[in-house]
Amino acid sequence: MKRFFFIIVLLSLFLLSRGVHAGSVRLSGFGSIVGGQTLSDEDLPGGGKSVFQVDPTLTGFPDAAYDDTKSFRPDSNFALQIDSDLGDDLSITAQLTARGGNNFEIDAEWLYASYALTPQFTATFGRQRLPLYMYSNYLNLGYAYHWIRPPVEVYGEGVSTYEGLSGLYKGFVGDWDYELMAYIGAIHNKTAVIGDITLDLNLGLNVTFSNDWLKLRASYNDAEAWVNGAPIMDKDNPQDIIFYSLGFSVDRMNYFVISEITILEADKYAQFSLPPSFVTIGFRESWMVSMGMRFNTITPHITFSGRDTTLTGHSVPFLDDLVQGSETVNVGLRWDFHDQAAFKVDYTSAKDKSDKTLIALNGKTLQADVIAFGIDFVF
Amino acid sequence: MKILIKVKLFITFSMLVSQLLMSAVVFADTSVIVHPGNKAVLNSKDIQRIFLGKMKEFSPGKAATPIDQPFGTKARTEFIEAIIKKPEKQTRAYLAIMLFTGAGIIPREESDVALIKKTVAENQDAIAYIDSALVDASVRVVYTY
């Protein structure tokens, strides 16, 4: 059904563009072909072994996590983008994506109409990436960053797209450029691991200032969440969830340093999937610092990241105030062997830093060492 | 005899200097061009902003449409070095992000320099960069490097 829908969209775009003289259609795309496996894992009390989950929007999908068997799926993806300029400042964009973790089923990460109200202000309506964090907008666009994947503790959010309306204002003062973005909308996911979830986005804001080498970014998002049929957070009892983030990047010719800190605060009955179970959480913080050097076509880099989630005891009282957490070191190499493609290898070592009670209960679910390598390309 | 050597040395020296000067002129000779009716005054930061999708008008109401030359051409490489001021790979990544996140429309690429000049000569909103040797009265130069 979905495929059929996209074929219709594709055809309409081509027909529309042919019908309008000012119009032009542009076809482009990107992808990653990555393989990897865990080099060490942890035995879990239930009899299983810890895995390395790379895409939390696909929690529960075995292909979205690395285990001790080689897999070419968790980090592999392919996207095809069709931009149709209809003239008079109106354009339509569809980005069809297939992710290995999702058995390469075709989905649309972006499907929107964009209208330039003024040269500085653009309104966009439709399905878009949820721009919570610095790399949210291009999580799968491996070609644009140095890692195989941005640090999962910061960027591994359970949701990545929303449907709604956004306004983007671009301006500049002196040597500085700035972008202000506001958005509203909703996220529906009938097949989320937690159930049929809805997030009603009350307001999202983000602001970016940049000059030739420095970029500063802050974001805020306030949403109400409910799960159909969930006893403590159904539609009549939505839970408020607030995100904040602060980030910066320094990008010089030969080196770069990037960092981002994110905070999530949730109402007391907000349930989250925290494998292997669901818990209510109150507070979550995550951070990452990454740096790299550029030697012609070779970019070695190192990244430290972490996440601490403070649980509340509203579904299971003895969990109150316990912290589930992990810290990860990632070392990697990017080799720009081609103008439109890069080879990468990343070694990731994640340590489970959860409270002892949680580890006794679940084992070190977040602990694993992973090696992954592959190529990213754009066309 | 000594005088003759001196004269020879002098001539050789002046030839060297003049060649150096000439090559310096040749090196600095790319022109950023607009339509002759376009009276915009642009510095290198303005040009950078136009080609990175951050500035969409020459002045209020006067749209700016940049035309790039393909990556890998001498002209593009020199433009990135002189105006964009980022490594070429970073420039490619920047444009990929712009394209795939809906952050803007990336400039169209054209390899036929004669066609670039013709497009600029015929369009009020066009801006491009070409070898200064090719500049004639059909276009107006706003910046050289």
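Residues numbered from 1 in each chain as written. Chains lettered and ligands numbered in written order. Predicted model: local features only at pLDDT ≥ 70, side-chain atom pairs only at ≥ 80, totals over all residues. Heavy atoms only, no water.

Asker: For helix α2 (residues 44-51) of chain B, give the residues involved together with the corresponding values.
Answerer: A large share of α2 of chain B lies buried, amounting to eight of its eight residues. Within α2 of chain B, the full set of buried residues consists of Ser44, Lys45, Asp46, Ile47, Gln48, Arg49, Ile50 and Phe51 of chain B. (Buried < 20%, exposed > 50% of the residue type's maximum accessible area, 1.4 Å probe, protein only. Helix = DSSP H or I, 4+ residues; strand = E, 2+ residues; numbered from the N terminus.)

Asker: Account for a nonpolar patch on the surface, with residues named and values stated.
Answerer: Residue and element names in this part refer to chain A. A surface patch of nonpolar side chains, amounting to about 660 Å² of accessible area, comprises Leu39, Ile261, Trp287, Met291, Phe304, Val329, Val331 and Tyr347. Put simply, the parts of the chain that give the nonpolar patch at least two residues each are β15 (277-293) and β17 (323-338). You can see Val331 is positioned in strand β17. (Patch = residues over 30% accessible without salt bridge, like charges linked within 9 Å, V, L, I, M, F, W, Y side chains within 5 Å. Areas by Shrake-Rupley, 256 points an atom, 1.4 Å probe, with all protein chains shown as cover. Salt bridge = Lys/Arg side-chain N within 4 Å of Asp/Glu carboxyl O.)

Asker: Any details on the interface of chain B and chain A? Residues and values, ideally.
Answerer: Quite often, the size of an interface is put as the accessible area lost when its parts meet. Contacts between chain B and chain A engage 23 residues on the former and 35 residues on the latter. Both faces combined, the contact of chain B with chain A buries some 2600 Å², and carbon together with sulfur accounts for 53% of it. For the pair chain B and chain A, the number of links is four salt bridges. The salt bridge involving Asp177 of chain A is made with Arg49 of chain B; its shortest N-O contact spans 2.7 Å. Applying the counting criterion to the chain B and chain A interface returns 15 residue pairs in polar contact (both at pLDDT 80 or more). Among the elements of the structure, α2 and α4 (88-100) of chain B are those that each provide at least two residues to the side of chain B that touches chain A. The element that contributes the greatest number of residues to the side of chain B that touches chain A is α4 of chain B, accounting for eight residues. Partitioning the side of chain B that touches chain A into residue classes produces nine nonpolar, five polar and nine charged. (Contact = heavy atoms within 4.5 Å. Buried area = accessible area lost by both parts, 1.4 Å probe. Polar contact = N/O pair within 3.5 Å; in protein donor to acceptor, adjacent residues only side chain to side chain. Nonpolar A, V, L, I, M, F, W, Y, C, P; charged D, E, K, R; others polar.)

Asker: Describe the nonpolar core, naming the residues involved and giving the relevant values.
Answerer: Grouped together as the largest cluster of nonpolar side chains are 53 residues, with contacts concentrated most on Leu130, Tyr135, Leu141, Tyr155 and Ile241 of chain A. The set of elements that each furnish at least two residues to this core consists of α2 (152-155), β9 (176-192), β10 (195-210), β11 (214-227), β12 (239-251), β13 (255-266) and β15 of chain A together with α4 of chain B. Residues within four places of Tyr135 of chain A in sequence aside, it is in contact with Tyr145, Trp147, Pro150, Tyr155, Ile258 and Met288 of chain A. One finds Ile47, Leu52, Met55 and Phe79 of chain B within the second-largest nonpolar core, a separate group that totals 19 residues. (Core = buried A, V, L, I, M, F, W, Y, C linked by side-chain atoms within 4.5 Å.)

Asker: Please set out the packing of helix α3 (residues 74-84) of chain B against α4 of chain B residue by residue, giving values where relevant.
Answerer: Residues and elements named next belong to chain B. Put simply, α3 and α4 touch, their axes get as near as 10 Å, and they point 90 degrees apart. When the interaxial angle is binned, α3 and α4 end up roughly perpendicular. Of the residues in α4, those in contact with Arg76, Thr77, Ile80 and Ile84 of α3 are Glu88, Thr91 and Leu95. Class assignment of the residues belonging to the contact of α3 with α4 gives a composition of three nonpolar, two polar and two charged. (Axes fitted to C-alpha atoms, helices over the stretch in contact; angles between N-to-C directions. Parallel < 35°, antiparallel > 145°, perpendicular 65-115°, else oblique.)

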